[in-house]
Amino acid sequence: MPHVQIVGLTKRFGSVIALEDVNLDIQEREYVSIIGPSGCGKSTLMKCVAGIITPDVGKVLVNGQEMRNVPIQHRRMGYVFQEIALFPHMRIFENVSYGPRVQGQPSQSAKALVDELLDLIKLNDRVDSFPQELSGGAQQKVAVSRALASGSALLLLDEPFGALDAKVRADLRYEVRKMTDDLRLTILHVTHDQEEAMSISDRVIIMKAGRIIEEGPPLELYLRPKMIFTANFLGEANFLEAKVIRQTSAGAVVQIGDMRLQTLEKNRGAGEEVIISLRPGFMSIAKGSGNENCLRGVVLGIRFMGHVVRYEVEIAGGRTMHVEHPLCFGELEIEPLDKVNLSTSPQHVMVYSVPERGLEKELQLE
Amino acid sequence: MPSVRLVDIVKRFGAITAINRLSMEIADREYVCILGPTGSGKTTLLRLIAGLTTPDEGELYIDDKPVSKIQAEERGAVYVPQQYALFPHLTVLENVAFGPLAHGMNEQEALRTAREMLEMVRLGHRVDSKPDELSGGMQQRVALARGLATRAKLLLLDEPLGALDARLRQELRYKLRELAEDSGVTAIHVTHDQAEAMAVSDRIAVLREGRIRQYTTPFHIYMRPQSLFVAHFVGGANFLQAVVARRHPEESVLELHLGPRIIVRDTTHLSAEEVVVVIREDRVNIAESAEHVDSDRYNTIEGEIQSSRFLGSFVSHQIRLVSGDLLTSKTPTEKLEKPLPVGRKVVAYFKPSDTMVYSYPPIGLPRELRVI
């Protein structure tokens with residue numbers, strides 16, 4: 001039952017620092033996802049754990065054992081990556097039982113585990129098929145089973161669904177999560193897909209430029225991101241320049257142009273320049289100028305997105321904001337060029353210090 | 001001013017019919033998405049319009065002129081393939097300027113346009129880089145910028161955002177739509193991502209096995225899907241098997257497995273007919289008990305929370321109903337303090353008007369919904 005400790009990992013490639021003092025503890029049976037923009041070091045971190053890359057500094061411990069001198073094949077970790085890598089000339093059963101066979105495990109116990117794995121992914125009726133006779137999604141499930149067939153209790157998933165259609169990947173992620181629960185595995189999962197990470201993980205790790213910048217349970221991280229980068233990266237957000245005009249017992253009141261919003265932010269002095277962040281799904285839009293605690297603007301565009309309608313609103317002062325109205329709350333009679341007000345509850349207004357190198361640079365996705 | 005019309009197009013590859021007697025029209029300045037699963041024929045369709053492959057049957061018109069006898073480069077179209085091929089020895093700027101230069105633009109204007117397009121795809125800071133110094137997603141955006149920079153009036157885009165990280169992909173789709181609108185082009189955009197299709201298109205053509213299953217606005221595709229497949233592929237939904245128990249003039253009573261009954265607005269199916277009821281996930285609500293629900297206005301079914309999933313602006317719950325069916329309910333995160341615990345007894349409820357009813361498909365429900 002693996003407990004993984006990553007201690008002070010640093011890795012350079014020439015002058016590029018891919019990982020810089022990364023520390024991470026993964027509990028037994030925890031499902032941890034790592035997300036971050038391209039080049040943030042998430043795959044390098046995974047490869048250090050797997051033993052494919054040797055870090056310059058720092059160590060990886062599994063159940064307290066240092067991994068540095070343990071070769072890949074003895075680390076007892078299953079590893080699945082984006083490119084489906086099944087043996088095309090072997091049937092599904094042979095593919096999945098490949099690991100135990102080359103390790104010389106007794107065929108009876110190996111077969112029992114392989115059967116159980118194929119049962120879990122509901123492919124037990126396809127044991128005699130060849131990989132190319134299966135869909136991409138099914139092939140990737142076989143790849144996961146193969147990675148687990150040697151009895152690994154630690155599974156490393158590196159963009160395992162990256163090559164699949166959106167619809168297929170959305171279904172598959174829950175199947176894999178269920179499978180890993182049933183088998184009581186510890187999971188480290190690298191993905192570029194925020195929704196995927198949030199929907200299946202116990203904990204989400206945000207990486208940027210070789211470092212872990214924030215981590216937490218998905219809901220907590222989404223509702224109350226501490227870093228402005230996280231607010232933007234983990235789901236969409238609108239950012240506005242604002243100024244604290246006073247502190248109330250509830251929190252700071254901020255001013256945007258001639259408009260005001262109540263926040264729950266403490267410890268900000270009157271007059272301080274800040275950036276506020278508002279998620280499109282946490283704002284209500286209505287016709288008219290509203291009360292004094294809201295933003296006002298003009299509707300520039302409307303897009304029907306299925307379960308939400310997305311409004312593009314230019315607020316007084318010229319900034320464009322996006323608001324998503326869930327259709328289960330009913331349809332709105334709002335047309336382009338209508339004057340509207342945008343309101344939200346104070347807990348959904350996040351307040352950040354103005355980044356030193358500018359907002360745009362701070363939010364850059366690569 | 002390109003409009004495109006396909007009439008009875010058939011394209012076979014050996015024994016496989018990739019495009020099966022397909023007809024469709026794309027109006028001048030329209031933004032159309034071809035949406036479908038892997039292997040549905042999307043790329044083939046785009047390549048036919050681009051002139052990179054020829055149909056076995058049927059005729060293709062651009063601006064009402066038959067084009068099957070016109071060379072690809074004379075169609076006024078630019079095709080941006082999924083597998084972008086950049087010149088490795090040229091800089092990003094030169095790569096993009098190559099598009100307009102090849103289309104006869106003078107050098108100065110070509111460079112100016114190239115810069116503008118690179119700004120648009122957020123690569124203004126990488127104009128002097130060589131392609132191999134860029135990530136896959138960046139290279140794809142260079143290819144896209146090169147296509148856009150030609151100022152061709154007909155844009156054919158094959159998964160133009162496919163190699164990008166999810167977050168960037170989401171951001172750039174709105175940019176793409178804006179750009180198409182501002183420059184007055186006609187765009188045909190192939191994707192497997194229904195959210196992307198919804199976000200950018202005037203109309204969506206849902207393709208399956210070489211045939212168009214439905215071709216209309218995002219609103220109509222979502223609100224009035226003509227088949228179970230379209231309801232499933234675009235937007236997702238719950239699918240419950242049922243039998244028509246009784247038919248009234250303005251509504252019908254359906255019986256689910258093991259007895260629970262629900263009321264639907266549909267009256268087109270006969271008594272005793274086997275049907276499938278479709279309910280969008282965001283139209284299913286959850287209450288702690290039936291007393292909290294106005295049973296005159298809502299259907300109610302008892303069940304138990306099986307799992308919950310946090311999706312960002314929505315939270316979904318999977319409810320195991322007393323009928324044995326699994327029902328998914330999607331609630332805006334804003335409305336929910338925290339997800340309901342697994343095992344909690346609940347009542348799922350929804351309006352009769354929020355249901356859609358279809359005949360049980362002859363090929364069976366799992367096959368009808370299969371997306372490969």
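Please read all numbers here as calculations on a predicted model, not as lab measurements. (Residues numbered from 1 in each chain as written. Chains lettered and ligands numbered in written order. Predicted model: local features only at pLDDT ≥ 70, side-chain atom pairs only at ≥ 80, totals over all residues.)

### Examining unusual backbone geometry
All names here are of chain B.
- One non-glycine residue, Arg 29, lies in the positive phi region at around 65°.
- The exposure class assigned to Arg 29 is partly exposed, which follows from the 17 C-beta atoms found within 10 Å.
- Of note, the phi angle at Glu 209 is positive, near 50°, even though the residue is not glycine.
- Along the chain, Glu 209 falls in the loop between β9 (203–208) and β10 (211–216). (Buried ≥ 20, exposed ≤ 12 C-beta atoms within 10 Å, placed from the backbone. Helix = DSSP H or I, 4+ residues; strand = E, 2+ residues; numbered from the N terminus.)

### Observations concerning the environment of B:Glu281
- Here B:Glu281 lies in the loop between β14 (274–279) and β15 (285–287).
- Apart from residues no more than four positions distant in its own chain, B:Glu281 is found in contact with B:Gly236, B:Ala237, B:Asn238, B:Ser316, B:Thr328, B:Ser329 and B:Lys330. (Contact = placed C-beta atoms within 7 Å.)

### Description of the sheet that holds strand β16 (residues 295–304) of chain A
Residues and elements named next belong to chain A.
- Within the open sheet, the five strands sit side by side as β15-β19-β16-β17-β18. Their pairing is antiparallel. Edge positions in the sheet fall to β15 (284–287) and β18 (320–326), since each of these pairs with one other strand and no more. Pairs of neighbouring strands in the sheet enclose a mean axial angle of 45°, with direction left out of account.
- Where β15 and strand β19 (residues 339–343) come together, four bridges link them in antiparallel fashion. The residue bridging Ile 285 from the neighbouring strand is Leu 342, located in β19. (Pairing = 2+ DSSP bridges. Axes fitted to C-alpha atoms, helices over the stretch in contact; angles between N-to-C directions.)

### Quick look at the environment of B:Glu288
- Counting through the fold element by element, B:Glu288 comes out in the loop between β15 and β16 (299–310).
- It is 27 Å that separates the C-alpha atoms of B:Glu288 and B:Val276, two residues lying twelve residues apart in sequence.

### Considering the domain arrangement of chain A
- Segmentation of chain A into domains returns domain 1 (4–230) and domain 2 (236–355).
- The C-alpha-based centres of domain 1 of chain A and domain 2 of chain A are spaced at 39 Å. (Domains from an automatic or database assignment.)

### Details of the packing of helix α5 (residues 136–148) of chain A against helix α6 (residues 166–182) of chain A
All names here are of chain A.
- α6 packs onto α5 with a crossing angle of 25° between their chain directions and a minimal axis gap of 10 Å. By the criterion of interaxial angle, the relationship of α5 to α6 is roughly parallel. The handedness of the crossing between α5 and α6 is right-handed. Contacts between α5 and α6 pair Gly 136, Gly 137, Gln 140, Lys 141 and Val 144 from the former with Val 168, Leu 172, Glu 175 and Val 176 from the latter.
- Across the contact of α5 with α6, the residue classes break down as four nonpolar, three polar and two charged. (Parallel < 35°, antiparallel > 145°, perpendicular 65-115°, else oblique. Left-handed = near helix turned anticlockwise from the far one by under 90°. Nonpolar A, V, L, I, M, F, W, Y, C, P; charged D, E, K, R; others polar.)

### Notes on the interface of chain B and chain A
- In this assembly, 33 residues from chain B lie in contact with 35 residues from chain A.
- Of all elements in the fold, only α5 (166–183), α6 (194–200), α7 (218–223), β16 and β18 (326–332) of chain B reach the threshold of two or more residues within the side of chain B that touches chain A.
- Top element by residues in the side of chain B that touches chain A is α5(B). It accounts for four residues.
- The residue inventory of the side of chain B that touches chain A, partitioned by class, reads 14 nonpolar, ten polar and nine charged.

### Quick notes on the nonpolar core
- Membership of the largest hydrophobic core comes to 103 residues, with the highest contact counts inside it found for A:Val49, A:Leu117, A:Leu156, A:Ile276 and A:Leu342.
- For A:Leu156, the contacting residues outside a window of four places in its chain are A:Met46, A:Val49, A:Ala50, A:Met77, A:Gly78, A:Tyr79 and A:Leu188.
- B:Ala18, B:Leu48, B:Leu156 and B:Val185 belong to the second largest nonpolar core, which has 101 residues in total. (Core = buried A, V, L, I, M, F, W, Y, C linked by C-beta atoms within 7 Å.)

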